[in-house]
Amino acid sequence: SLRHSGQGQRIDLARKRNRGEPMTLEKAPMKTGREEGMKESHVEGLANHNGSESCADVGNGASEALTGESAGWVLSPEIKGHISGADALPLRGRQHCIHRYGEGYADPAGSESPGMHGKALRGNREPLRLALEDCGKVRTVNPKGGTAVMNGRRESDSPVVSGKPSNKGCGALRPAEGVERRGLVEGNSVEQNRVRAQNRVVLQHALGRVRQAARRDKGVRLIALWHHVYDVEQLRVAYFKLNRKSASGVDGRTWEAYGENLEANLRDLSERLKWGGYRAKPVRRVYIPKSGGRERPIGVPVLEDKIVQRSVVEVLNAIYEVDFKGFSYGFRPGRSPHHALDALVGAIEWKKVNWVLDADIRGFFDAIDHGWLVRFVEHRIGDRRVVRHIRKWLNAGVLEDDEWHRVEEGTPQGGSISPLLANIYLHYVLDLWVDWWRRRYARGDVIIVRYCDDFILGFQYRREAERFVEQLRERLLKFNLELHLEKTRLIEFGRFAAERRRRRGEGKPATFNFLGFTHICGATREGKFTVRRKTMASRLRGKLREIKQTLRKRMHWPIARLGAWLRSVLIGHYRYYGVPYNGPMLDAFRQKIIRLWCRTLRRRSQRHRLTWRRMFRLAMRWLPSPRILHPYPSRRLCVITRGRSPVR
């Protein structure tokens, strides 16, 4: 900095000492009145920092100053005009130590200096000593406005940093070697529009633009989506998101076998998707046991169909996540069954809910109408290639007992795209209609929580609930759906349900089941109303029956191996059912497993020596104690801000 003339003389003395010239002290000239009225304001920037540490630190501080995130020395209005959005440039370290740069450099025109070693500077920046040894260039700004003022031979190269000095240019009319002058500091931009490598960041940026377009106008049909689907990187991400232990389709190709030549297979699949050579294959139908002695049909697609369906789901999620209602929780990214459970409990406790409608759709996945489904998809998707491939998967048929059957209705459960198609179908059939109905007809509070085809509604008045059930039945019939009469019921449930039933001489309020939990009207220790949840008895019995059968098959396993397996079963059970007020059911489940394990070990031999004392030691060694792993609904649903102030 040359704020004082004494500092300028010291710079000249240091330069002459380096060149071996005699040093004489020059008397500072008297300033005229015009010069007295002018103040020199220097640029607080990169060229005014001493040492390699200061230069490197300011390299980070300049980016903060350009965004207005950091405050330092305030700039003059003129310099603010050169740097858009800059309020201040921070200064770090000791400033203006000129003596440190006044000696020890024999070649002023050189571009290498000891100050550059050990620090990686962004762009083509030179340390301060090169600028000081070349005519002492310092920018000055007229405080009265206008352009920059030149002080003698000193010039301004750029708004922030001095340019590289010319070779033998100090005092010469024509320098021996001219150097291109610099503008603003060069370096990597803070935000790049595109990443060079095709990785997941690029995919997120591309899908982010799709999401922005969908959010901008929720009534527009989006086109040009298929190139996101057949992108090789997108297919690779979809491949690694698949379950590696899932069953194979009709071709018998497993996840490991497909991954042996993964890159070639993905490129071939991408090319077939690109020019239209991809053909959907029929799904293999299997049956799994269901509660009540029934069986549920499951469709197993081939591996390539799973990959393409997963890729399509990733693209369509960017669109439909903007359209789906907030009370829809089934098979959506970032949402789990526990989010739906907590939202239901919170709505019943915080809203005026006196009646609960526990509804279920009969055979939903097998009753979806293909014509309506395609119309719903075309309402938002304008890319014909996406719609055409969805038709292919719907019309691919099923292979059962080596016989191909055409499917006119429904989507095969087990495919990657089936949950999304189910959500799209119910979004137009149920969600939008319920939201419209409660805004038009409801006089009291109406709440709804839906997880796929299971949904719970809460009403303040019974007459509105009964009216809603009648209109809902008519609504579903228009789209080839119907309510399950055995599972759909209207019960009195809520804050005042127990008191009102006690006045009428009736028993306790009825309970309802949702996502594996039985919901009960209860109270806290302080006597406040709360919804208690416990494991469904049918689910608990079914799980214990399954464990008993598996223990008989693995009876002669080593105790350590059998204990490790039972430990994993308990941990998985605690992770889902470990909610507040469900501790007794968790403990009962563990006690049942201890008894089943003891009975299995005693049946190994007719002369067993397994006592209960030894069994309890094995249980303490391998079977973890129950733990509540989920917070209270009010804690999960609230937002914690700075200062721990909850905002709901």
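Computed from a predicted model, the values in this text were never measured in an experiment. (Residues numbered from 1 in each chain as written. Predicted model: local features only at pLDDT ≥ 70, side-chain atom pairs only at ≥ 80, totals over all residues. Heavy atoms only, no water.)

(A) Local environment of the overall build of the chain. Secondary structure assignment for the chain yields 23 helices and 15 strands. The buried share of the chain, taken over its 648 residues, is 45%. For the chain, the accessible area works out to roughly 36,900 Å², and carbon and sulfur atoms hold 48% of it. (Helix = DSSP H or I, 4+ residues; strand = E, 2+ residues; numbered from the N terminus. Buried < 20%, exposed > 50% of the residue type's maximum accessible area, 1.4 Å probe, protein only. Areas by Shrake-Rupley, 256 points an atom, 1.4 Å probe, with all protein chains shown as cover.)

(B) Summary view of the sheet that holds strand 10 (residues 489-492). Across the sheet, four strands lie side by side as 8-9-5-10; this open sheet has antiparallel pairing. In this open sheet, the two edge strands, each paired with only one partner strand, are strand 8 (446-451) and strand 10. Ignoring which end each strand starts from, the neighbouring axes of this sheet average 15° apart. As defined by bridge partners, strand 5 (residues 355-360) adjoins strand 10 across four bridges and the pair is classed as antiparallel. When the sheet's bridge partners are listed, leucine 357 is paired in strand 10 with leucine 490. Across the sheet, helix 12 (residues 337-350) touches strand 8 and strand 9 (454-459), and the angle it forms with strand 8 is around 165°. Seen against the sheet, helix 17 (residues 462-477) touches strand 5, strand 8, strand 9 and strand 10 and runs at an angle of roughly 145° to strand 9. (Pairing = 2+ DSSP bridges. Axes fitted to C-alpha atoms, helices over the stretch in contact; angles between N-to-C directions. Contact = heavy atoms within 4.5 Å.)

(C) Representation of the sheet that holds strand 12 (residues 517-523) in the model. Reading across the sheet, the three strands line up as 11-12-13 and stay open at both edges, with antiparallel pairing between neighbours. At either end of the open sheet lies a strand with only one pairing partner, and these are strand 11 (512-514) and strand 13 (529-535). Ignoring strand direction, the axes of neighbouring strands in this sheet form an average angle of 40°. Bridge analysis of strand 12 against strand 13 gives seven bridges, and the strand direction is antiparallel.

(D) Focus on helix 11 (residues 303-323). Given a rise of 1.5 Å per residue, 21 residues ought to cover 30 Å, and the 30 Å separating the end C-alpha atoms of helix 11 matches this to within 8%. Maximal helix bending in helix 11 amounts to about 40°, located at asparagine 317. Most of helix 11 is tucked away, with 19 of its 21 residues classed as buried. (Expected span 1.5 Å × (residues − 1). Bend = angle between axes of the 7 residues up to and from the residue.)

(E) Spotlight on helix 22 (residues 612-622). Within the span of helix 22, buried status applies to Met615, Leu618, Ala619 and Trp622. Burial along helix 22 is one-sided: seen end-on, the buried residues are contained in an arc of 100°. The exposed residues of helix 22 that point more than 90 degrees off its buried face are Arg613, Arg617, Met620 and Arg621. Buried-residue contacts for helix 22 involve helix 20 (559-577) and helix 21 (583-602). (Arc of directions from axis to C-beta.)

(F) Up close: the side chain of arginine 501. One can find arginine 501 in helix 18 (residues 497-503). Given a relative accessible area of 18%, arginine 501 falls into the buried group.

(G) Quick peek at a positive patch on the surface. Residues Lys548, Arg552, Lys592, Arg595, Arg599 and Arg603 make up a contiguous surface patch of positive charge. Listing elements by their share of the positive patch, those giving two or more residues are helix 19 (537-553) and helix 21. The element that contributes the greatest number of residues to the positive patch is helix 21, accounting for three residues. For arginine 603, the position within the fold is in the loop between helix 21 and helix 22. (Patch = residues over 30% accessible without salt bridge, like charges linked within 9 Å, V, L, I, M, F, W, Y side chains within 5 Å. Salt bridge = Lys/Arg side-chain N within 4 Å of Asp/Glu carboxyl O. Lys, Arg positive; Asp, Glu negative; His and termini not counted. Charge placed at Lys NZ, Arg CZ, Asp CG, Glu CD.)

(H) Summary view of the packing of aromatic side chains. Tallied over the entire structure, the rule returns 24 aromatic pairs. Consider the rings of tryptophan 436 and tyrosine 441, whose centres lie 5.6 Å apart with planes at 85°: the pair is edge-to-face. With a centroid separation of 5.4 Å and 50° between ring planes, the pair formed by phenylalanine 459 and phenylalanine 468 is classed as tilted. Note that arginine 335 overlies the ring of tyrosine 329, its terminal NZ or CZ placed 4.7 Å from the centroid. Across the ring face of tryptophan 622, the terminal group of arginine 621 is positioned such that the distance to the ring centre comes to 4.1 Å. (Phe/Tyr/Trp six-rings, centres within 6.5 Å; stacked < 30°, edge-to-face > 60°. Lys NZ or Arg CZ within 6 Å of the ring centre and 35° of its normal.)

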